[in-house]
Amino acid sequence: MGDAGDAGGVSRRRLLGVSGTAAVAGIVAGATSAYAVSQASAATAAQEAGPTTAPALGLDAAIPFRGEHQAGIVTPAQDRLHFVALDVVTKDRAQLRELLETWTRAAERMTAGAEAAPGGLVGGGPNRAPEDTGEAYGLPASGLTITIGYGPSLFDDRFGLADRKPAALEELPPFVGDQLDPKRSGGDLCIQACANDPQVAVHAVRNLVRMGFGVVAVRWSQLGFGRTSSTSTAQATPRNMFGFKDGTNNVKAEEPEGLDRHVWVAPEDEKGGGAWMAGGSYLVARRIRMHIEVWDRTSLQEQEDVIGRDKKEGAPLGQAKEFDALDFAKRGPDGTPAIPVNAHVRLAHESQLGGIRILRRGYNFTDGSDGVGHLDAGLFFLAYMRDPAKQFVPMQRALASKDLLNEYIEHNGSAVFACPPGLQDGEHWGQSLFA
């Protein structure tokens with residue numbers, strides 16, 4: 001990728017030595033300007049293409065860090081992910097607050113294409129540890145977004161935050177078939193770094209974790225490749241590790257009414273101490289291992305019946321095109337429902353769930369083998385929503401009890417986080433939390 005080239009391709013190499021608040025503001029302003037130019041030109045092309053097409057950004061472009069909502073939620077899903085859940089190991093409230101402020105400065109720099117700290121690679125001299133680990137030095141911003149979330153366990157009696165806990169932030173209940181590993185579940189905090197270059201995403205998490213030494217410790221983490229959902233109409237529907245198109249009917253960034261209804265926390269949702277969550281969203285993370293070897297020996301007909309879609313086109317069974325409406329009344333040649341009654345798409349469809357929808361943002365993963373010759377691979381499910389108890393819980397209960405897909409998957413990791421709203425100029429993560 002090299003130094004900056006495309007519009008929005010802000011290079012860390014060019015930003016070496018930039019320092020001070022004004023400099024950071026300049027970085028972000030430049031990135032935002034490039035983003036706006038890219039959006040404007042893309043928007044013209046989109047208008048020519050048709051009303052359902054959304055503007056697309058170059059892969060190197062910088063994504064604005066500040067705004068009404070955190071980036072990395074409705075941002076067009078990038079191709080790579082590094083997700084980490086952390087435990088807070090200090091008992092000092094001031095240390096935690098200071099770390100969140102430090103993280104904000106570093107995240108803003110890195111999403112703009114800069115080092116984690118001014119002159120971070122070598123600026124501290126030979127006798128100090130560098131303030132940037134350096135593996136993304138010279139690379140463009142690569143669409144990096146960094147999204148933060150707070151787990152239910154953060155609101156215990158350690159930091160005086162019990163009265164700040166949002167009402168909707170509760171641990172998920174157990175579901176039928178769960179095989180959860182405590183070492184892959186929970187966490188006081190989470191950081192979601194998405195980018196179009198895996199090295200840029202890993203660099204972001206690595207440096208934030210480094211800065212948190214003595215204050216936080218990694219509880220678990222997950223690398224993801226190949227997004228499994230589209231969050232924009234500009235994106236084609238991707239495929240999961242079973243080879244099927246996934247998330248065809250996902251909530252999209254171009255649906256403001258749908259986002260307000262299903263994704264963003266409204267002011268009336270949270271009263272009292274949790275009012276700071278208005279404009280934020282709740283994140284559910286589930287590590288879903290897929291039994292790849294069993295699936296690969298299953299007939300095409302059974303695979304399609306399990307999912308409820310045609311494998312090649314992604315069309316609902318009984319239809320011709322991916323975006324054709326699901327017709328649950330349609331019958332096949334043998335008189336049985338074209339889409340089986342326990343097919344995944346039927347059980348997960350909003351019409352079967354009282355209108356429930358969520359914004360999915362998951363990724364494929366492959367974490368080597370399990371020691372007996374089977375791939376440890378599957379879907380790292382990430383979904384944003386307005387209220388997990390009213391959206392994810394009933395959806396997952398329906399799937400857990402009847403979904404034909406359960407024969408081929410297992411849920412072995414789980415967590416829920418409150419992701420606060422975006423930041424305005426001068427604000428930092430934790431500011432409203434500790435107000």
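Residues numbered from 1 in each chain as written. Predicted model: local features only at pLDDT ≥ 70, side-chain atom pairs only at ≥ 80, totals over all residues. Heavy atoms only, no water.

### Let's talk about the environment of Arg-289
Along the chain, Arg-289 falls in strand E5 (residues 281-290). By relative accessible area, Arg-289 is classed as buried at 13%. Sequence-wise, Arg-289 and Gly-378 are 89 residues apart; in three dimensions their C-alpha atoms are separated by 4.5 Å. Other than its neighbours up to four places away in sequence, Arg-289 contacts Phe-365, Asp-370, His-374, Leu-375, Asp-376, Ala-377, Gly-378, Tyr-408, Ile-409, Glu-410 and Asn-412. From its side chain, Arg-289 meets the backbone oxygen of Leu-375 in a polar contact 3.1 Å long. (Helix = DSSP H or I, 4+ residues; strand = E, 2+ residues; numbered from the N terminus. Buried < 20%, exposed > 50% of the residue type's maximum accessible area, 1.4 Å probe, protein only. Contact = heavy atoms within 4.5 Å. Polar contact = N/O pair within 3.5 Å; in protein donor to acceptor, adjacent residues only side chain to side chain.)

### Considering the packing of helix H2 (residues 93-111) against helix H3 (residues 198-211)
Relative orientation of the contacting elements H2 and H3 amounts to 155°, with a least axis distance of 10 Å. With respect to their mutual orientation, H2 and H3 come out roughly antiparallel. The hand of the H2/H3 crossing is right-handed. For the pair formed by H2 and H3, the contact residues are Leu-99, Thr-102, Trp-103, Ala-106 and Met-110 on the first element and His-203, Ala-204, Asn-207, Leu-208 and Met-211 on the second. (Axes fitted to C-alpha atoms, helices over the stretch in contact; angles between N-to-C directions. Parallel < 35°, antiparallel > 145°, perpendicular 65-115°, else oblique. Left-handed = near helix turned anticlockwise from the far one by under 90°.)

### Section: the pairing of strand E2 (residues 145-150)
Taken across its six residues, E2 has six buried, putting it largely inside the fold. Neither face of E2 is open: one carries Thr-145, Thr-147 and Gly-149, the other Ile-146, Ile-148 and Tyr-150, and all of them are buried. Two elements, E2 and strand E3 (residues 189-195), share six bridges in a ladder whose sense is antiparallel. Bridged to Thr-147 within E3 is Gln-192. (Pairing = 2+ DSSP bridges.)

### Some remarks on the packing of aromatic side chains
Scanning the model with the defined rule gives 12 aromatic pairs in all. Taking 5.9 Å as the distance between ring centres and 90° as the angle between the ring planes, the aromatic pair formed by Phe-175 and Phe-392 counts as edge-to-face. Residue Phe-175 is located in the loop between E2 and E3, and its partner Phe-392 is located in helix H8 (residues 392-402); the two are separated by 217 residues in the primary sequence. Taken together through their ring pairs, the aromatic side chains of Phe-83, Trp-220, Phe-380 and Phe-417 make up a single cluster. (Phe/Tyr/Trp six-rings, centres within 6.5 Å; stacked < 30°, edge-to-face > 60°.)

Interpretation note: all reported values are geometric properties and have no functional meaning in isolation.
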